[in-house]
Amino acid sequence: MELKKAATAGTMESGDVMVTLCPAQEGGVDLSLTSSVQQQFGRQIEAVIRDTLRKLGVEHAQVTAVDKGALDCTIRARVAAAVYRSAGETPERWEEL
Amino acid sequence: MIRLESCPAPPPARLEEYRRLLTACGLTDEGDGDQTVLAVEEETERLAACGTRRGDLLLQIAVGPCFRGEDLAARVLSALMAQAPGRPWMLCTKPENRRMFASLGFSPLAETADALLMEHRRGTMARFLSALPQFPGENGAVVCHCDPFTLGHRHLIAYAAARCAHLYVFVLSEDRGAVPAADRLQLVRQGTADLPNVTVAAGGPYFVSRATFPAYFIKDRSRVEAVRTDLDLALFGRQAAPALGIVRRFVGEEPYCPVTAAYNENMRRLLPAMGVAVEEIPRLGDISAGAVRRLWAQGNWEEVRSMVPETTYAWLRSHTPTGP
């Protein structure tokens, strides 16, 4: 999917993650992650974000994520929502993620 | 339950309560916000928390003493930031709140005695600066509005360029003047194109913007005592100067505007301690951008022409004055 504009999804409240995407032409996925559970789950969260972007066909993006202990399913949903908002598209099948 | 309300400014009915909440958190209402989010306790209609956005700056984030530990700062900030996704967000808070906002993804940019400026994505300002052409040696800087670019600005820039290895000219990016920001930038570029060691760049949110130095853009400039200039100067001294090798800042003398005069005075007081010398240059005759704007509005083309370069003159001739 092609990112067209900056978009955000989620919040910085406990149990949630706020994901902000900015379109980029190159440089892959440039991810900046802040997490309340960085020590324990930082790598896992990063892998989930990158995996979701890959499945949605996003190759290049500047991603800022502020995680407050979100579950993987929440992270996937927030990343996907931000991607769809950025692309200006409506999802047909969420379950693919 | 807490309900969030988003409004351009706190409604009059809530203003007193709003200011009380800020005072309880050691903050004051600076006014002039673009958007305010209020968190209201539904059962009692009490104001629980608040936050404001002004340009790219998030400020006056306050949570009432009875409502701490309920994640309200995070809710308010999320609501403010969702309104304009992907902005280079900065946040102004008190130094003691550093850890709380660090947990929300903010990292420090500059600090003064009673205020801390943070950015939301670490390295955003550093990337803004590293995207500019880099030059070795002892460089200088001029930060100017150039509304419009006059022979006075040209004199200041030429003087400065002759006294440093390379000169950065940062043109203010806010569209609050008589000439649009993109045109002002273009006119400075054209008017200094013959100076080989000058780089003209947009100041963005980092050089005298509504985020860093709001008073500059407020029409009523009499309340000098309430003016906050130290954050803008700390950002310049702590971030821009070391990144670009700037050791000297040049500024035009300001006999008219008390806010700019106060800014210049603070510059002389604060920047040398951060390794930046300040040089104030006397004005070139009676030339000022304000005078040019007045003459432009009057259609006094002969006088206008005596104060601006040909490129600015041509631009003014083909545009109708809108502002003061």
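Residues numbered from 1 in each chain as written. Chains lettered and ligands numbered in written order. Predicted model: local features only at pLDDT ≥ 70, side-chain atom pairs only at ≥ 80, totals over all residues.

1. Some points on the overall build of chain B
Summing up its helical and strand segments, chain B has eleven helices and twelve strands in all. Its C-alpha atoms give chain B a radius of gyration of 21 Å, near enough to 20 Å, the size a compact globule of 324 residues would have. Projecting the C-alpha coordinates of chain B onto the three principal axes gives extents of approximately 65 × 45 × 35 Å. Sequence separation of at least 24 residues holds for 70% of the intrachain contacts in chain B that already meet a minimum separation of 6. (Helix = DSSP H or I, 4+ residues; strand = E, 2+ residues; numbered from the N terminus. Rg over C-alpha atoms; globule rule 2.2 N^0.38 Å. Contact = placed C-beta atoms within 7 Å.)

2. Some remarks on the interface of chain B and chain A
Taken residue by residue, the interface counts 15 residues in chain B and 15 residues in chain A. Each residue belonging to the side of chain B that touches chain A can be placed in one class, and the counts come to six nonpolar, five polar and four charged. (Nonpolar A, V, L, I, M, F, W, Y, C, P; charged D, E, K, R; others polar.)

3. Thoughts on the pairing of strand 3 (residues 46-54) of chain B
Residues and elements named next belong to chain B. Taking burial as the measure, the nine residues of strand 3 include eight buried ones, the bulk of the element. Across seven bridges, the pairing between strand 2 (residues 35-41) and strand 3 is antiparallel. In the strand pairing of strand 3, Leu38 is matched with Cys50. In sequence, strand 2 turns back onto strand 3 through a hairpin of four residues, with Glu45 there showing a positive phi of about 65 degrees. Sheet topology places strand 3 next to strand 4 (residues 57-63); five bridges connect them, and they run antiparallel. Bridged to Arg54 within strand 4 is Leu57. (Buried ≥ 20, exposed ≤ 12 C-beta atoms within 10 Å, placed from the backbone. Pairing = 2+ DSSP bridges.)

4. Digging into the sheet that holds strand 7 (residues 116-119) of chain B
Residues and elements named next belong to chain B. Ordered in space as 1-2-3-4-5-7-6, the seven strands form an open sheet in which the pairing is mixed. Every other strand in the sheet has two partners, leaving strand 1 (2-7) and strand 6 (107-111) as the edge strands with one partner each. The mean inter-strand angle of the sheet, taken between neighbouring strand axes irrespective of direction, is 25 degrees. In this sheet, strand 7 lies alongside strand 6 in antiparallel orientation, the contact comprising four bridges. (Axes fitted to C-alpha atoms, helices over the stretch in contact; angles between N-to-C directions.)

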